[in-house]
Amino acid sequence: MLKREEAKIEFSKVSGEEDIKNVEGLARTIWEEHYTPIIGADQVEYMLRNFQSSQAVEEQIREGMEYFLILFDAKLAGYLAFQRKNGELFLSKIYVLADLRGKGIGSRAMDFIESVARDRGLHFLSLTVNKNNTGSIRAYERLGFLNEGPVQTDIGSGFIMDDFLMRKEL
């Protein structure tokens, strides 16, 4: 087993069809495992189809969302996506494969994201997290995020994202 400091964690900007297909594959694996117990299989499938498919990722990139693959010892470990929104860096997605959680990947990803925000002169990070995703909420709080309260988003077909808005001052 590698110690955290021995493992190499890299962030590779998504560019091209193969990278986008990798995001789609990671999304399916991670979402089915992690989110099905939280929001149910029907909503997971709807969100994968409408927000995490290759076509959806391509469209989001065209609209200014920046995607990065997370590599752990040169192997796909997860992905993240962010964009400038309302003068802040909005973290839209940060997902790590279940068997690689707890290895420091998430905290290194947050360091990377904070660095990007600072380089762009932004002083806040924001994100939304499902109210029932208690493990992630605790992790964000440990990283210095504050819960700004509930936010609900109608995503169509009778599905609602029932989240908390979390923000961190840099």
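Just so it is clear, the model here is predicted, and its values are computed rather than measured.

Draft legend 1. Region of the structure containing the environment of Gly-104. With respect to the helices, strands and loops of the structure, Gly-104 is situated in the loop between strand E4 (88–96) and helix H5 (105–119). Judged by its relative accessible area of 10%, Gly-104 is buried.

Draft legend 2. Just the packing of aromatic side chains, in detail. All chains considered together, the criterion is met by 11 aromatic pairs. A ring pair is formed by Tyr-35 and Tyr-95, whose centres lie 6.0 Å apart and whose planes are at 90 degrees; its orientation type is edge-to-face. A residue pair is termed long-range when its members are at least 10 positions apart, and Tyr-35 in the loop between helix H1 (17–34) and helix H2 (36–39) and Tyr-95 in strand E4 qualify at 60 residues. This pair shows no difference in class: Tyr-35 is buried, exactly as Tyr-95 is. Here Tyr-46 and Phe-159 contribute two aromatic rings whose centre-to-centre distance is 5.0 Å and whose plane-to-plane angle is 40 degrees, an arrangement assigned as tilted. With a gap of 113 residues between them, Tyr-46 in helix H3 (residues 41–51) and Phe-159 in strand E7 (residues 159–169) connect regions that are remote in the sequence.

Draft legend 3. Representation of the packing of H1 against H3 in the model. For the pair H1 and H3, interaxial distance at closest approach is 10 Å and the crossing angle is 160 degrees. Between H1 and H3, the crossing angle belongs to the class labelled roughly antiparallel. The chirality of how H1 crosses H3 is right-handed. Contacts between H1 and H3 pair Ala-27, Arg-28, Trp-31 and Glu-32 from the former with Val-44, Glu-45, Met-47 and Leu-48 from the latter. Split by residue class, the contact of H1 with H3 holds 5 nonpolar, no polar and 3 charged.

Draft legend 4. Geometry of the pattern of salt bridges. On inspection of all chains with the given rule, the structure shows 12 salt bridges. Between Arg-101 and Glu-33 there is a salt bridge whose closest N-O contact spans 3.1 Å. Note that Arg-101 is positioned in the loop between E4 and H5 and Glu-33 in helix H1, a separation of 68 residues in sequence. The class for Glu-33 is partly exposed, based on a relative accessible area of 38%. Here Arg-62 and Glu-59 are joined by a salt bridge, their closest N and O atoms 2.6 Å apart. One end of the pair, Arg-62, and the other, Glu-59, are both in helix H4 (residues 54–62), 3 residues apart, so they sit about a helical turn from each other. Note on Glu-59: relative accessible area 32%, which makes it partly exposed. A single network of salt bridges, built from pairs that share partners, joins Lys-13, Glu-66 and Arg-120.

Draft legend 5. Region of interest: the environment of Ala-109. Secondary-structure assignment places Ala-109 in helix H5. As a C-alpha pair, Ala-109 and Glu-17 span 92 residues in sequence and 23 Å in three-dimensional space. Not counting chain neighbours up to four residues away, the residues in contact with Ala-109 comprise Phe-11, Ile-70, Leu-80 and Ile-94.

Calculation rules
- Residues numbered from 1 in each chain as written.
- Predicted model: local features only at pLDDT ≥ 70, side-chain atom pairs only at ≥ 80, totals over all residues.
- Heavy atoms only, no water.
- Helix = DSSP H or I, 4+ residues; strand = E, 2+ residues; numbered from the N terminus.
- Buried < 20%, exposed > 50% of the residue type's maximum accessible area, 1.4 Å probe, protein only.
- Phe/Tyr/Trp six-rings, centres within 6.5 Å; stacked < 30°, edge-to-face > 60°.
- Axes fitted to C-alpha atoms, helices over the stretch in contact; angles between N-to-C directions.
- Parallel < 35°, antiparallel > 145°, perpendicular 65-115°, else oblique.
- Left-handed = near helix turned anticlockwise from the far one by under 90°.
- Contact = heavy atoms within 4.5 Å.
- Nonpolar A, V, L, I, M, F, W, Y, C, P; charged D, E, K, R; others polar.
- Salt bridge = Lys/Arg side-chain N within 4 Å of Asp/Glu carboxyl O.

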